[in-house]
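# What the coordinates show
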Amino acid sequence: MADRILELRTCLDELVKDGLLGRGDANLLAGSPRSRDQALMHPLAFIASQSLDNPSTPGRKLSDDVLAEWLSKKSGLPLVTIDPLKIDVANVTEVMSYAFAKRHNILCVEVKPEDVVIATTQPFVTDWVPQVEHVSRKRVERVVASPTDVARYLVEFYSLSSSISGASGMAGPSSSVTNFEQLLELGNLKDPEANDQHIVNIVDWLLQYAFAQRASDIHIEPRREIGKIRFRIDGILHQVYEMPAAITTAVVSRLKVLSRMNVAEKRKPQDGRIKTRRGDEGEVELRLSTLPTAFGEKLVMRIFDPEVLLRSFQDLGLTGDDYSLWSGMMSKPHGIVLVTGPTGSGKTTTLYSTLKQLATPEVNVSTIEDPIEMVEETFNQTQVNPQIELDFAAGVRTLLRQDPDIIMVGEIRDLETAQMAVQAALTGHLVLSTLHTNDAPSAVSRLLDLGIPSFLIKNTVLGIMAQRLVRTLCPDCKEPAQISESDWQELVRPWKAPPPRQIYQPVGCLSCRNTGYRGRQGIYEILPINESLEKHIHAQCDVTQLRHAAMRAGMRTLRLSGAQKIAAGLTTLEEVMRVAPRMENDG
């Protein structure tokens, strides 16, 4: 195979020889006609696209990763997986032109002081190496990467670089938007040689990139000379890209236009929203917020994936006794159920998933929100608008005249809203809302502080659920670990529970971007208000006493819920301790 381009017939024969492909499958692929697009594909990419079984590993397909690993061993070159979050696109695209990289099926993935690391899909062709070394004045270090990844990121990196370069000499685009939500079609990136619509290309790339990386938030942050783009993935911020300050301003302006903000107003914070379409994958909503800073407007976009509404409570982490308690409260015909926790703890996801299940054709579900975070067709949603005196309290007052069965109030912030929620519960409605407190018992104290009499709290509040999100261990690379008796008892106190026989620790692999974690789940603290607790709810309510009484009645704290996730092999002690700090005087 040396000193020549990889061809389909040669690759098939070598794969059969190495036991990765059956002779029957190889003959079938070799003899079957290929379309024009398939004929242009790299032979390994074409083989991977057929989803063939791998005889050497039953149950595993002959995927891009398996074939790239095979090619690495065959050629003796190191294998790399291209992680776009860790690549300096501006630097790697300066090493060679797009045309040169495309012609040789190569892509620079790292620029070192003395070397350039070049990913190739044709490891037995080296005639391009002297040219790259001559132009870059660095030694070439060759590695192997998946042909599919190289083809994809070759276009993405050079498109982005070309757009930023071209946008440096042009003003930001303008657009007229007349709808409440601008539907933005996310198409394919322009050809890297194109010199039009540069800012549109950059915004398009930014959004598609965020979706592909499972980001929950996009931060565009201006600095004196540059603008930084960061993604929040599984609760942690990652730096993604840096671009010139002028381009950052143009990108922010483009997004403001799409979200119906006032582009000329840069001194006041603004809010907006965009609905995007990802090809055939459905629509995704983004909530935008701008904030004036020392070097310009900072823009944060929160991504609301509609698939969240389709996730089961099992996927959210609400299982077992916690699920039974929550379902029991949701089955009551009237009363107030509160969800508490800091920003980003998953309260909105819990409420929307619950409302989605409650919104049957037989009931009228209505919400009053600030802002509407995800538009859902199965229930009626109203946006708070202070400019026309439509606040939470006024919204609930109006909803009571709309023959509702279930009302969701985005947040109880003041006495008037709390009073209206109580009134709605007393008149036979189920009310769901949120509070910002550290734990479930503190929500009772918060209602008392707002001015709600204790007897009304006893009569209307069905229960309170506090929650946090913990990162879950990557199933592909987690490995067994040990936990000390003292650390475990610190986590579960005041209970005396023995540590589990087996826990796991993060390692890091390609699928989790070497973090050891992939995805998040909730941990929950559910406090049903029952007769045994009502005597502790009074004007001089002591939160610590209420918490201890609740624990005696069976309430599991956030840390104990986290301990159950650790024992199940889903997360780690460090992760639970990070998001669920121990309450004062908990024993």
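Residues numbered from 1 in each chain as written. Predicted model: local features only at pLDDT ≥ 70, side-chain atom pairs only at ≥ 80, totals over all residues. Heavy atoms only, no water.

The condition that has to hold: UniProt positions are given in the numbering used here, feature names are shortened, and annotations may be inferred rather than shown by experiment.
An unreviewed UniProt entry lists the protein under the name Secretion pathway ATPase, with Marinibactrum halimedae as the source organism. What the UniProt record of the protein gives under Sequence similarities (unreviewed entry) is the line "Belongs to the GSP E family."

## Some remarks on the packing of aromatic side chains
Applied cut-off: In this scheme Phe, Tyr and Trp rings, the latter by its six-membered ring, pair at centre separations within 6.5 Å, and the angle between planes marks the pair as stacked below 30 degrees, edge-to-face above 60, and tilted otherwise. What counts as a helix is a DSSP run of H or I of at least four residues, what counts as a strand is a run of E of at least two, and both are numbered from the N terminus. Only protein chains enter the accessibility calculation, which uses a 1.4 Å probe; a residue is then buried when its area is under 20% of its type maximum, exposed when over 50%, and partly exposed in between.
Here the structure, examined in full by the defined rule, presents seven aromatic pairs. Consider the rings of Tyr-352 and Phe-379, whose centres lie 6.1 Å apart with planes at 55 degrees: the pair is tilted. Residue Tyr-352 is found in helix H14 (residues 347-358), and its partner Phe-379 is found in the loop between strand E12 (365-369) and strand E13 (380-383); the two are separated by 27 residues along the sequence. Like Tyr-352, the residue Phe-379 is buried in the burial classification.

## A short note on the UniProt feature "domain: Bacterial type II secretion system protein E" (unreviewed entry) in the protein
UniProt's entry tags residues 400-414 with the feature "domain: Bacterial type II secretion system protein E" (unreviewed entry), counted in the numbering of this structure. As a span, residues 400-414 carries 0% helix and 27% strand, and end to end its C-alpha atoms are 19 Å apart.

## Comments concerning the nonpolar core
Going by this rule: The criterion is simple. A nonpolar core is a set of buried Ala, Val, Leu, Ile, Met, Phe, Trp, Tyr and Cys residues joined through side-chain atoms within 4.5 Å. Contacts are assigned to residue pairs that have any heavy atoms within 4.5 Å of one another.
Ranked by size, the top nonpolar core spans 64 residues in total, and within it Met-96, Ile-218, Phe-231 and Met-301 carry the most contacts. The greatest single-element share of this core, amounting to nine residues, is contributed by helix H10 (residues 198-212). If near-sequence neighbours (up to four positions away) are discounted, Ile-218 is found in contact with Leu-206, Leu-207, Ala-210, Ile-229, Arg-230, Phe-231, Leu-299, Val-300, Met-301 and Ile-303. The next biggest cluster of nonpolar side chains, apart from the first, holds 57 residues, and it includes Leu-338, Ile-407, Ile-457 and Ala-563.

## Observations concerning the environment of Gln-122
Looking at the secondary structure, you find Gln-122 in the loop between strand E2 (115-120) and helix H8 (129-136). In the structure, Gln-122 is positioned 22 residues away from Val-144 in sequence and 8.1 Å away in space, judged by C-alpha atoms. Beyond its immediate sequence surroundings of up to four residues, Gln-122 is in contact with Ile-5, Leu-6 and His-42.

## Notes on the pattern of salt bridges
The condition is simple: Counted as salt bridges are all cases of a side-chain nitrogen of Lys or Arg within 4 Å of a carboxyl oxygen of Asp or Glu.
Counted according to the given criterion, the structure contains 27 salt bridges. Note that Asp-370 is salt-bridged to Arg-413, the shortest N-O span being 3.3 Å. One end of the pair, Asp-370, is in the loop between E12 and E13; the other, Arg-413, is in the loop between strand E14 (406-409) and helix H16 (415-426), and 43 residues separate them in sequence. Among the ionic pairs, Glu-575 bridges to Arg-471, the shortest N-O distance being 3.3 Å. Taken together, the positions of Glu-575 in helix H23 (residues 573-579) and Arg-471 in strand E16 (residues 461-473) put the pair 104 residues apart, joining distant regions of the chain. The exposure class of Arg-471 is buried, given its relative accessible area of 16%. Here the residues in one salt-bridge network are Glu-14, Lys-17, Asp-18 and Lys-74, joined through shared partners.

## Re H10
What sets the pattern is the α-helix's 3.6 residues per turn: residues three or four places apart point alike. Condition: Helix span, as expected, comes to 1.5 Å for every residue beyond the first.
In this model, H10 (15 residues) spans 21 Å end to end at C-alpha, consistent with the 21 Å of a helix rising 1.5 Å per residue. Of all 15 residues making up H10, 12 are buried, and the element is well covered by its neighbours. Inspection of H10 places His-198, Ile-199, Asn-201, Ile-202, Val-203, Asp-204, Trp-205, Leu-206, Leu-207, Tyr-209, Ala-210 and Phe-211 among the buried residues, and these make up the whole buried set. Immediately downstream of H10, the backbone of Arg-214 shows phi near 60 degrees, a positive value.

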